[in-house]
Amino acid sequence: MQHSLFAISPIDGRYYDKVKDLSNYFSEYALIKYRVHVEIAYLIKLNELQLENFPKLSSAQIETLQQITKQFTLTDAEKIKQIESITNHDVKAVEYFIKEKLNDDSFKDILEFVHFGLTSQDINNTANPLMIKDFLTALFYPTIDELITELTTISHKYKDIPMLARTHGQPASPTILGKELYVFVYRLKEQIKTLKATPMMAKFGGATGNFNAHYITYPKVDWIKFADTFVDSIGLQRYTYTTQIEAYDTMAAMFDNVKRINTILIDLCVDIWMYISINYFKQTINPNEVGSSAMPHKVNPIDFENAEGNLKLANALFEFLSEKLPVSRWQRDLTDSTVLRNIGVPFAHTVLSIKSILKGLKKLSANEEQIQKDLNENWAVVAEAIQTILRREKYPKPYEKLKELTRGNNTITKESIHQFIEGLDVPENIKTELKNITPFNYIGKNLNF
């Protein structure tokens with residue numbers, strides 16, 4: 001095998017060890033294996049129809065068929081590629097491979113029912129969504145769940161730390177550090193719900209979607225019902241109306257959904273990066289690492305930067321896939337075929353990013369001293385609280401008076417705020433109420449998360 005240092009893509013080179021599990025779902029080997037799985041499952045399902053000249057399969061024969069998929073090996077995939085080098089057709093090579101596997105007397109009468117009535121896209125447009133579905137279940141959801149769990153843990157850890165908020169980059173009404181992190185937990189959970197609710201659809205209807213070959217051969221069979229049942233049996237839903245290929249609409253929706261998840265993660269990376277830059281978070285130092293080739297003091301937020309870059313690359317590819325795949329000339333062109341071979345790439349960059357974020361989060365610890373210092377240096381943020389209570393008390397033009405005191409004034413302190421309160425024409429109990437407001441307790445309701 002060629003050395004990884006010669007890999008063109010960093011996914012198959014530099015980062016391969018971190019994403020190699022995706023090979024089980026998005027490699028050429030995986031695509032071939034899933035095609036074989038669909039062909040075999042279809043052949044077994046045909047057996048249930050008791051078609052004329054299709055001898056009923058024994059349980060032993062069915063087991064033999066199933067073992068072709070269960071015991072599928074790299075050698076089998078290489079054999080199919082060898083056949084493809086002759087046929088110059090990848091799906092036909094799968095058909096011939098299966099026929100070779102069944103080349104004994106017990107299967108001779110059903111050999112020509114392998115790939116019966118089908119077009120290549122009945123196989124491809126069933127194998128691909130099945131690959132994606134299995135990947136989401138086996139790898140993506142557990143990985144994103146691990147990130148959500150880590151974020152939730154950190155949110156709970158910092159749920160009692162008041163923090164200066166910033167809107168437009170400027171000091172704003174205080175918030176809670178834990179809550180600001182939990183916002184990302186909430187957003188991610190909502191998008192995961194949507195993603196899980198998106199149906200995984202397959203095209204299965206013959207050459208141009210009308211079951212022409214099926215009905216001309218066995219006109220009494222309800223092939224539409226059969227196809228619906230078959231596709232459902234392998235864990236997908238069938239497009240009812242198609243051309244020769246699937247519409248890719250739900251696949252595009254799924255790509256767009258993952259893109260939104262990635263956008264949330266980009267937002268998280270940017271926020272954490274900026275919190276680190278203002279010293280709200282400290283990073284655990286690995287004495288063996290180097291932060292700069294020239295500046296020995298550097299401890300860079302590299303995990304979040306790496307994740308941000310990979311997420312943006314993933315989103316560019318997801319956007320291309322969701323825009324391109326639903327468009328095909330008339331009943332079929334081949335542009336989707338080569339594009340589909342790349343669907344694992346943005347998923348790999350996404351998984352790589354999630355792992356980087358997890359690594360980065362585990363290095364963080366809140367710098368409470370700096371967070372408190374910022375709050376103490378920004379007493380102007382209690383102006384909102386004071387003017388709102390004064391509104392309640394029907395005090396004339398409270399907003400305008402607080403604006404005059406605080407806007408553009410960088411010297412606002414606890415003392416200047418209290419001096420302002422003393423000059424208000426309000427009862428003493430209201431003055432006491434106003435003086436009890438600080439940047440540390442003006443944090444709203446500590447939500448239950």
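Residues numbered from 1 in each chain as written. Predicted model: local features only at pLDDT ≥ 70, side-chain atom pairs only at ≥ 80, totals over all residues. Heavy atoms only, no water.

J.: Would you mind going over the overall build of the protein in detail, with residue names and values included?
T.: Each helix and strand counted, the protein has 19 helices and six strands in total. Here the C-alpha atoms of the protein give a radius of gyration of 31 Å, more than 25% beyond the 22 Å that 2.2 N^0.38 yields for 449 residues. Projected onto the principal axes, the alpha-carbon positions of the protein cover approximately 100 × 55 × 40 Å. Considering only contacts within the protein whose residues lie at least 6 apart along the sequence, 77% involve residues at least 24 apart. Of the roughly 23500 Å² that the protein leaves accessible, carbon and sulfur atoms contribute 52%. Here the protein carries 52 positive and 55 negative side-chain charges, and the mean point of each set is 3 Å from the other. (Helix = DSSP H or I, 4+ residues; strand = E, 2+ residues; numbered from the N terminus. Rg over C-alpha atoms; globule rule 2.2 N^0.38 Å. Contact = heavy atoms within 4.5 Å. Areas by Shrake-Rupley, 256 points an atom, 1.4 Å probe, with all protein chains shown as cover. Lys, Arg positive; Asp, Glu negative; His and termini not counted. Charge placed at Lys NZ, Arg CZ, Asp CG, Glu CD.)

J.: Now, about the packing of helix α11 (residues 249-277) against helix α12 (residues 302-324): what can you tell me, with residues and values included?
T.: Between α11 and α12, the shortest axis-to-axis distance is 9 Å and the interhelical angle comes to 160 degrees. Here α11 lies roughly antiparallel to α12, going by the angle between them. The two elements α11 and α12 cross, and the hand of that crossing is left-handed. A class-by-class count of the residues in the contact of α11 with α12 yields 16 nonpolar, four polar and six charged. (Axes fitted to C-alpha atoms, helices over the stretch in contact; angles between N-to-C directions. Parallel < 35°, antiparallel > 145°, perpendicular 65-115°, else oblique. Left-handed = near helix turned anticlockwise from the far one by under 90°. Nonpolar A, V, L, I, M, F, W, Y, C, P; charged D, E, K, R; others polar.)

J.: Summarise unusual backbone geometry; cite the residues concerned and give the values.
T.: Phi is positive for Gln50, which is not a glycine, with a value near 55 degrees. The residue Gln50 is located in the loop between α3 (28-47) and α4 (59-70) in this model. For Lys397, which is not a glycine, the phi torsion comes out positive at approximately 45 degrees. Note on placement: Lys397 falls in the loop between α16 (383-392) and α17 (398-406).

J.: Just give me the short version of helix α7 (residues 120-157), but keep the residues and values in it.
T.: In this model, α7 (38 residues) spans 54 Å end to end at C-alpha, consistent with the 56 Å of a helix rising 1.5 Å per residue. At Leu136, α7 shows its maximal bend, which comes to roughly 45 degrees. For α7, a buried count of 27 out of 38 residues is recorded, marking the element as mostly surrounded by other parts of the structure. (Expected span 1.5 Å × (residues − 1). Bend = angle between axes of the 7 residues up to and from the residue. Buried < 20%, exposed > 50% of the residue type's maximum accessible area, 1.4 Å probe, protein only.)

J.: Before we move on, can you summarise the pairing of strand β2 (residues 170-176) with the specific residues and values?
T.: Bridge count between strand β1 (residues 162-167) and β2: five bridges; the pairing is antiparallel. What sits directly across from Pro162, in β2, is Ile176. From the end of β1 to the start of β2, which pair antiparallel, there are two residues, and His168 there has a positive phi angle of about 60 degrees. (Pairing = 2+ DSSP bridges.)

J.: Account for the pattern of salt bridges, naming residues and giving values.
T.: Under the counting rule described, the total for this entry stands at 29 salt bridges. Lys101 is paired through a salt bridge with Asp76; the nearest N and O atoms lie 3.6 Å apart. One end of the pair, Lys101, is in helix α6 (residues 90-101); the other, Asp76, is in helix α5 (residues 74-87), and 25 residues separate them in sequence. A salt bridge links Glu433 to Arg392, with the shortest nitrogen-to-oxygen separation between them at 2.9 Å. One end of the pair, Glu433, is in helix α19 (residues 428-435); the other, Arg392, is in helix α16, and 41 residues separate them in sequence. The exposure class assigned to Arg392 is partly exposed, which follows from its relative accessible area of 45%. (Salt bridge = Lys/Arg side-chain N within 4 Å of Asp/Glu carboxyl O.)

J.: Account for the packing of aromatic side chains, with residues named and values stated.
T.: The geometry of two aromatic rings is summed up by the distance between their centres and the angle between their planes. All told, the structure shown has 26 aromatic pairs when counted by the stated rule. Measuring from centroid to centroid gives 6.2 Å for Tyr42 and Phe226, while their planes differ by 65 degrees, and the two rings are edge-to-face. Residue Tyr42 is found in helix α3, and its partner Phe226 is found in helix α10 (residues 223-233); the two are separated by 184 residues along the sequence. Overall, the relative accessible area of 0% leaves Tyr42 in the buried class. Aromatic ring contacts, followed pair by pair, group Tyr42, Phe54, Phe113, Phe116, Phe204, Tyr218, Trp223, Phe226 and Phe230 into a single cluster. (Phe/Tyr/Trp six-rings, centres within 6.5 Å; stacked < 30°, edge-to-face > 60°.)

J.: Any details on the packing of α7 against helix α8 (residues 177-197)? Residues and values, ideally.
T.: The N-to-C vectors of α7 and α8 enclose an angle of 160 degrees; their axes lie 8 Å apart at closest approach. For the element pair α7 / α8, the angle class is roughly antiparallel. The two elements α7 and α8 cross, and the hand of that crossing is left-handed. Across from Leu136, Phe140, Tyr141, Ile144, Ile148, Leu151, Thr152, Ile154 and Ser155 in α7, the residues of α8 making contact are Gly178, Leu181, Tyr182, Phe184, Val185, Leu188, Lys189, Ile192, Leu195 and Lys196.

J.: Could you give me a rundown of the side chain of His418, with the residues and numbers involved?
T.: With respect to the helices, strands and loops of the structure, His418 is situated in helix α18 (residues 414-422). Judged by relative accessible area, which is 18%, His418 ranks as buried. Apart from the residues within four sequence positions on either side, His418 is in contact with Trp379 and Lys435.

J.: Account for the environment of Asp374, with residues named and values stated.
T.: Structurally, Asp374 can be placed in helix α15 (residues 368-376). What makes Asp374 buried here is its relative accessible area of 9%. Put simply, Asp374 and Pro171 are 203 residues apart on the chain and 9.2 Å apart in space, counted from C-alpha to C-alpha. Within polar-contact distance, the side chain of Asp374 engages the side chain of Arg166 at 3.0 Å. (Polar contact = N/O pair within 3.5 Å; in protein donor to acceptor, adjacent residues only side chain to side chain.)

J.: Describe the environment of Asn210, naming the residues involved and giving the relevant values.
T.: Among the structural elements, Asn210 can be located in the loop between β3 (201-202) and α9 (212-217). Distance from Asn210 to Ile224, taken between C-alpha atoms, is 8.9 Å for residues 14 residues apart in sequence. Setting aside its immediate chain neighbours within four residues, Asn210 contacts Gly205 and Tyr215. A polar contact is formed between the side chain of Asn210 and the side chain of Thr208, at a distance of 3.4 Å.

J.: Could you give an account of the nonpolar core, naming the residues involved and the relevant values?
T.: Counting 120 residues, the largest nonpolar core has Phe140 and Phe347 as the members making the most contacts within it. Broken down by element, the residue count for this core peaks at 15 residues, all from α7. In this structure Phe347 touches Leu22, Phe26, Ile132, Phe135, Leu136, Met254, Phe255, Val258 and Phe318, once residues within four positions along its chain are discounted. One finds Ala383, Tyr395, Ile421 and Val426 within the second-largest nonpolar core, a separate group that totals 18 residues. (Core = buried A, V, L, I, M, F, W, Y, C linked by side-chain atoms within 4.5 Å.)

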